[in-house]
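Residues per chain are reported as follows:
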Amino acid sequence: MLIERVELSKIKLQDDLVTLEMLQVGESIFCSDFKKAQSLRSLSYYLIRSRKLEWKFTFRKMDHGWRIIRIR
């Protein structure tokens, strides 16, 4: 068995989770990086299912990136 030490500052899941939790209906997050946008999109699904929230997010392609919008 191999045990490795991981620096918690490198794991940014918590920062993104807090950002999604703070969004109000009609607010959005813009990402110019596709991988970051996909990460936030999957995190939004996780947030809704794990916390049993009645929220909804939509994922839209924009001119120079992607936008995750809280719609409910």
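These numbers were taken from a predicted model, which means no experiment stands behind them.

In this section: the sheet that holds strand 2 (residues 57-62). Taken in spatial order, the three strands make up an open sheet running 1-3-2, and their pairing is antiparallel. Single-partner strands in this sheet number two, and they are strand 1 (28-31) and strand 2. Taking each pair of neighbouring strands and ignoring which way they run, the sheet shows an average axis angle of 20°. In this structure, strand 2 lies alongside strand 3 (residues 65-70), joined through six bridges in antiparallel fashion. By the bridge assignment, Arg60 is partnered in strand 3 with Arg67. Relative to strand 2, helix 2 (residues 34-51) is tilted by about 170°, and along the sheet it contacts strand 1, strand 2 and strand 3.

Another point: the pairing of strand 3. Both strand 1 and strand 3 contribute to a ladder of four bridges, which runs antiparallel. By the bridge assignment for strand 3, Phe30 is matched with Arg67.

If you look at soluble globular proteins, the nonpolar side chains tend to sit buried side by side. Counting residues in hydrophobic clusters, the biggest one holds 15 residues, and the most contacted among them are Leu20, Ile29, Cys31, Ala37, Leu40, Phe57 and Ile68. Sorting the residues of this core by element identifies helix 1 (13-22), strand 1, helix 2, strand 2 and strand 3 as the ones contributing at least two each. Of the residues forming this core, the biggest block, five residues, is contributed by helix 2. Residues in contact with Ile29, not counting those within four places in the same chain, are Thr19, Leu20, Leu23, Leu40, Trp66, Arg67 and Ile68.

Turning next to the pattern of salt bridges. For the coordinates displayed, the defined rule picks out two salt bridges. Two residues, Asp16 and Lys36, come together in a salt bridge whose shortest N-O distance is 2.8 Å. Of this pair, Asp16 sits in helix 1 while Lys36 sits in helix 2, and the two are 20 residues apart along the sequence. A residue is classified by how much of its surface remains accessible, and Asp16, at 13% relative accessible area, is buried. A salt bridge links Arg51 to Glu21, with the shortest nitrogen-to-oxygen separation between them at 2.2 Å. Pair noted here: Arg51 is in helix 2 and Glu21 is in helix 1, with a separation of 30 residues, a long-range link.

Conventions and cut-offs
Residues numbered from 1 in each chain as written. Predicted model: local features only at pLDDT ≥ 70, side-chain atom pairs only at ≥ 80, totals over all residues. Heavy atoms only, no water. Pairing = 2+ DSSP bridges. Helix = DSSP H or I, 4+ residues; strand = E, 2+ residues; numbered from the N terminus. Axes fitted to C-alpha atoms, helices over the stretch in contact; angles between N-to-C directions. Contact = heavy atoms within 4.5 Å. Core = buried A, V, L, I, M, F, W, Y, C linked by side-chain atoms within 4.5 Å. Buried < 20%, exposed > 50% of the residue type's maximum accessible area, 1.4 Å probe, protein only. Salt bridge = Lys/Arg side-chain N within 4 Å of Asp/Glu carboxyl O.

None of this, on its own, says anything about what the molecule does.
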